[in-house]
Amino acid sequence: MTESIPLVPVISVASNPTYDPFPIKSKNDIYSVDPKKDGKLINDDNRKNNEDNVENSTKKKKKPEDEETLIGKFIEQFKDPLIMLLLGSATISILMGQFSDALSILLAILIVLTVAFVQEYRSEKSLEALNQLVPNYCHVIRHGQLSSMLGNDLVPGDIVRFSIGDRIPADVRITTAVDLEIDESSLTGETKPCLKNTEAISRDTPEINLAERKNIAFMGTLVRNGYGIGIVIGTGKNTEFGNIFTMVNEVESRKTPLQEKMDELGKQLSAFSIGIILVIILIGIIQGKNWLEMFNVGVSLAVAAIPEGLPVCVTVTLALGVLKMAKKNAIVKKLPAVESLGSVNVICVDKTGTLTMNKMTVTKVYTAAQDELIDIEGKSYENLPQSIFHPAVKILSRIGNLCNNAHISNGEHLGQPTEVALLEFGNLLNIRDERPVYPRISENAFNFETKWMSVTCKTEMDKEIIFAKGASEPIMSRCTTFYVSEDNLQPLTEDYKNKINSIAQQIASQGLRVLFMAMGSSINELTLVGFIAMYDPPRIGVGNAINTVMDSGVKIVMITGDSEGTAISIAQKLNIMDSVGTGYYMSGSEIDGLSEDELRRVVPTISIFYRTTPKHKMAIVKALQANDLVVAMTGDGVNDAPALRLADIGISMGKSGTDVSKEAADMILVNDEFSTICNAIEEGKGIFYNIQNFLCFQLSTCIAALALVALSTLLNLPNPLNAMQILYINIICDGPVAQSLGVESVDKDVMKQPPRNKHDSIIDRKFLYKVSLSSFVVLCSTLHIFHHSMDGNQITAYTNTMTFTGFVFCDIFNSLACRSSKKSIFKIGLFSNQAFIWAAGLSLLGTFAVVYIPFFQQIFQTEPLTLHDLLHLTCIACGVLVFDEVRKFVISIREQKHIKEYELV
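All of these numbers come straight from a predicted model, not from anything done at the bench.

1. Re the confidence of the model for the chain
And step 1. Per-residue confidence for the chain gives a mean pLDDT of 77; residues scoring 70 or more make up 75%.
And step 2. Every residue in residues 1-55 is under pLDDT 50, and counting partners more than four places away or in other chains gives 122 contacts.
And step 3. Predicted confidence for residues 57-67 stays below pLDDT 50, and this span has 17 contacts to residues more than four positions away or in other chains.

This is the structure in structure tokens:
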């Protein structure tokens, strides 16, 4: 294009100290003005001054005196009831003159607090990192050039352009508004979009209600229709949204369903554990054991057995999983979405931009004057057929150019893909951009219900003319003639309409999008010029990704606003439906003819929905959910937003997605690749199984420790583990190792597993069986070591050391067994989880320190062991892993048997 269009209408600006900072004097003036200085575009020096003085961020910031220091957070840990119990135990020991016991307990408290503090700090940092993953972009005009930039870089005085689907990046005084409707429900509570204008507001009261400020676009609101241009008057915390945001930041986020389940499970286990501990203490005292010793053991058991850290572990695992997904181009905005990913039964896929590249290219042209379909696919200007230079084609290009809000600036495409393709079509024909020659008077903006757009422009002869483009139905219904030449307009008969529609449908059946063009002086008496067909090819690799998802038991449903032919063509290429026939696809109009119950019954059999509107997409999602299915919905446009919000998991595109769709979504695909959904589902399933695995490990250890002390008390034997040893096992061994199980690499076979039932509890029969088996083997192994190391019936330091070290070894082997619920440790790899290797290794080093360093020997009441002792303990403890390997082998044999039986059937 040889000429650039003026991106901004020029307005004269005046200052109004009462309310209207930038009143418009004339709509026809050209505006490149500094709102603070009567008439010049804000220059680099002014912008620099604003950048230095403006904080453009709504991130939560506290004053230094209000910030909670790390020491304060550490001290906060002392409020935990279990810590208070330990402090009470230490106080009693001091009063009784047992200073060594008191010192040991205080050291244990320090270790407990340090581990809890580190876990909480790590969780907070992980969650803070999630908030930095989704940048907000906007379109800004600087030096007459339209470009895309981060909203955080805006300063007062910048000129921004926003259109349907965009989020307003700052508080903006509107200077141009074309059918501009903005959804301010998040700010004002008003559900109906507000129609904006550019007129100054006269004020009779000290404060003007937000809903009445028709010439202001507020930061964070969403453009539902039309487009506009305006001057930034407030950014970050200096906006209406910023004021509310500071209050919102004080509200604590709700816990995820899984966290709530863990809280409930923790309470139940705590009640059960406290009951057993009280019984143990009572029996010990009745048997004549030292009451202080029993009290200390009881408190230590309470710290070990009550899983108060489960919710924290779950949060950290989910947060780290989300960050891991982000590295794979899937940004999860809400933690509950991670839990739901493994339960998805159906993925409703928006065709454009998700399955296809969302980069339209004009490939075929048809004019009613020539009655000929011209193929220009892959051709340069030199190779174009001669028929493309017909005057009617030039008129067709002019309509596509004038009825267009896209721009190509410095090689960057800004606008809807369809409109960008029309501009590139004009470039191909060497036809200049005619928008400066035909000034736009008014616009009837495109929306997804009517499926057409029109503009009224003024010609060089000062004559008003309407240019329209859109789908076949709305354009053809308004046409009464067709274009042959400037002075030859022929009547458009029904037969000719049917013929043109037949050609268009044939083109659409090949997967092309057809856009009809018309013009005239009256909106209901237009002249048809022809149509342009453009192609949006399937994304590379999307077919394989769809096959992978379908093989895992997830149904793919394609939903599009395109024609039947286009939809079926793409579906066949991507193998979305095994066969094309009646009952496999449905139109939006057919959905309108069904009741909710009828749609609910028929929707499981449909693979393609075409010619749909936003209300149809919502109806489809509701019908699928009514069948008790977990529905994921992908989309990138404004029309997808309601369904994205309604779906169990809304998935928006990162590159091509509008701000509206990103706001409504739970997950954003940074690279717009469908294959990223496969990775996200795989990661989601893996995270759930990892949580289940570390929960299995912690519960089996807690149950084994409780049972060990309970049995020894009931049999009137001395306690095999003292208070410090119990605390060490819980804090040093269980905590870090359990957390490392939460970051286990995803098993590649997890995608072969069917979607998890959303109603299934994390603790099922198989889980309880595994926990029971593991804790039983650990208990039996530790009791054997305890009995074997006794000197007759006497408990010595050697006995305590052997029992303690044996329990730790059993714990490590149990953690190896818990790395996978089905696969052998030798299949997944001993060293495949580096975090686990470090955690287990440090636990063993800590244990050796307790056994061999004199300072710790005094605290933990241990003595050195020989190499023979360690080998003996290793042989006994590895039984935990051996039993679990046998269990997994039996499961594998059964599954193979079931597969063979299935194949025979």
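2. Some remarks on the packing of aromatic side chains
In this description, an aromatic ring pair is defined by two values, namely the gap between the centres and the angle between the planes.
And step 1. Throughout the structure, instances matching the rule amount to eleven aromatic pairs.
And step 2. Aromatic pair Y438 and F467: ring centres 6.2 Å apart, planes at 85°, arrangement edge-to-face. You can see Y438 sitting in the loop between helix 13 (417-428) and strand 14 (440-444) and its partner F467 sitting in strand 16 (residues 464-470), a full 29 residues away along the chain. Each member of the pair, Y438 as well as F467, carries the same accessibility label: buried.
And step 3. Measuring from centroid to centroid gives 6.0 Å for F688 and Y689, while their planes differ by 75°, and the two rings are edge-to-face.
And step 4. Classification of Y689 as partly exposed rests on a relative accessible area of 28%.
And step 5. Put simply, the rings of Y366, F516 and F531 touch in pairs and so form one group of aromatic residues.
And step 6. In this arrangement the basic side chain of R161 is found over the ring face of Y227, its NZ or CZ atom lying 4.7 Å from the centre.

3. Some details on unusual backbone geometry
And step 1. The phi angle at N430 is positive, at roughly 60°, despite the residue not being glycine.
And step 2. One can find N430 in the loop between helix 13 and strand 14.
And step 3. Since its relative accessible area comes to 57%, N430 is described here as exposed.
And step 4. One non-glycine residue, D628, lies in positive phi territory at about 65°.
And step 5. Mapping D628 onto the fold places it in the loop between helix 20 (614-626) and strand 24 (631-635).
And step 6. Since its relative accessible area comes to 41%, D628 is described here as partly exposed.

4. Some thoughts on helix 20
And step 1. With 13 residues, helix 20 extends 18 Å between its outermost C-alpha atoms, agreeing within 8% with the 18 Å of an ideal straight helix rising 1.5 Å per residue.
And step 2. Every buried residue of helix 20 is accounted for by P614, H616, K617, I620, V621, A623 and L624.

5. Re the pattern of salt bridges
And step 1. Taken as a whole, this structure holds 17 salt bridges when the rule is applied.
And step 2. For K497, the salt bridge is made with E494, and the minimal N-O distance between the two is 3.9 Å. On the criterion of helical spacing, the pair formed by K497 and E494 is a turn pair, its members being three residues apart in helix 15 (residues 494-508).
And step 3. A salt bridge links D884 to K888, with the shortest nitrogen-to-oxygen separation between them at 3.2 Å. Pair noted here: D884 and K888 are both in helix 31 (residues 879-904), with a separation of four residues, about one helical turn. Of the two residues, D884 and K888, both sit in the buried class.

6. Observations regarding the side chain of N215
And step 1. When you line up the elements, N215 lands in the loop between strand 5 (194-195) and strand 6 (216-217).
And step 2. Assessed through its relative accessible area of 0%, N215 is described here as buried.
And step 3. Among the polar contacts made by the side chain of N215, one reaches the main-chain carbonyl oxygen of E199 at a distance of 3.1 Å.

7. Looking at the sheet that holds strand 23 (residues 608-610)
And step 1. If you walk across this open sheet you meet the eight strands as 8-26-25-24-9-21-23-22, and the pairing is mixed. Only two strands of the sheet have a single neighbouring strand rather than two, namely strand 8 (330-332) and strand 22 (585-587). Ignoring strand direction, the axes of neighbouring strands in this sheet form an average angle of 20°.
And step 2. The pairing of strand 8 with strand 26 (residues 667-669) spans three bridges and is antiparallel. Paired with V332 across the bridge in strand 26 is M667.
And step 3. Against the sheet, helix 20 touches strand 9 (346-350), strand 21 (555-559), strand 23 and strand 24, its axis set at about 160° to strand 24.

8. A short note on the nonpolar core
And step 1. Grouped together as the largest cluster of nonpolar side chains are 103 residues, with contacts concentrated most on I347, L355 and F674.
And step 2. Counting 33 residues, the second-largest nonpolar core is a separate cluster that includes M360, V365, L402 and V529.

9. Digging into a nonpolar patch on the surface
And step 1. A contiguous nonpolar surface patch, about 440 Å² in accessible area, is contributed by V882, V886, F889, V890 and I893.
And step 2. Its place among the elements puts V890 in helix 31.
And step 3. Its relative accessible area of 35% is what places V890 among the partly exposed residues.

Cut-offs applied
- Residues numbered from 1 in each chain as written.
- Predicted model: local features only at pLDDT ≥ 70, side-chain atom pairs only at ≥ 80, totals over all residues.
- Heavy atoms only, no water.
- pLDDT = per-residue confidence, 0-100.
- Contact = heavy atoms within 4.5 Å.
- Phe/Tyr/Trp six-rings, centres within 6.5 Å; stacked < 30°, edge-to-face > 60°.
- Helix = DSSP H or I, 4+ residues; strand = E, 2+ residues; numbered from the N terminus.
- Buried < 20%, exposed > 50% of the residue type's maximum accessible area, 1.4 Å probe, protein only.
- Lys NZ or Arg CZ within 6 Å of the ring centre and 35° of its normal.
- Expected span 1.5 Å × (residues − 1).
- Salt bridge = Lys/Arg side-chain N within 4 Å of Asp/Glu carboxyl O.
- Polar contact = N/O pair within 3.5 Å; in protein donor to acceptor, adjacent residues only side chain to side chain.
- Pairing = 2+ DSSP bridges.
- Axes fitted to C-alpha atoms, helices over the stretch in contact; angles between N-to-C directions.
- Core = buried A, V, L, I, M, F, W, Y, C linked by side-chain atoms within 4.5 Å.
- Patch = residues over 30% accessible without salt bridge, like charges linked within 9 Å, V, L, I, M, F, W, Y side chains within 5 Å.
- Areas by Shrake-Rupley, 256 points an atom, 1.4 Å probe, with all protein chains shown as cover.

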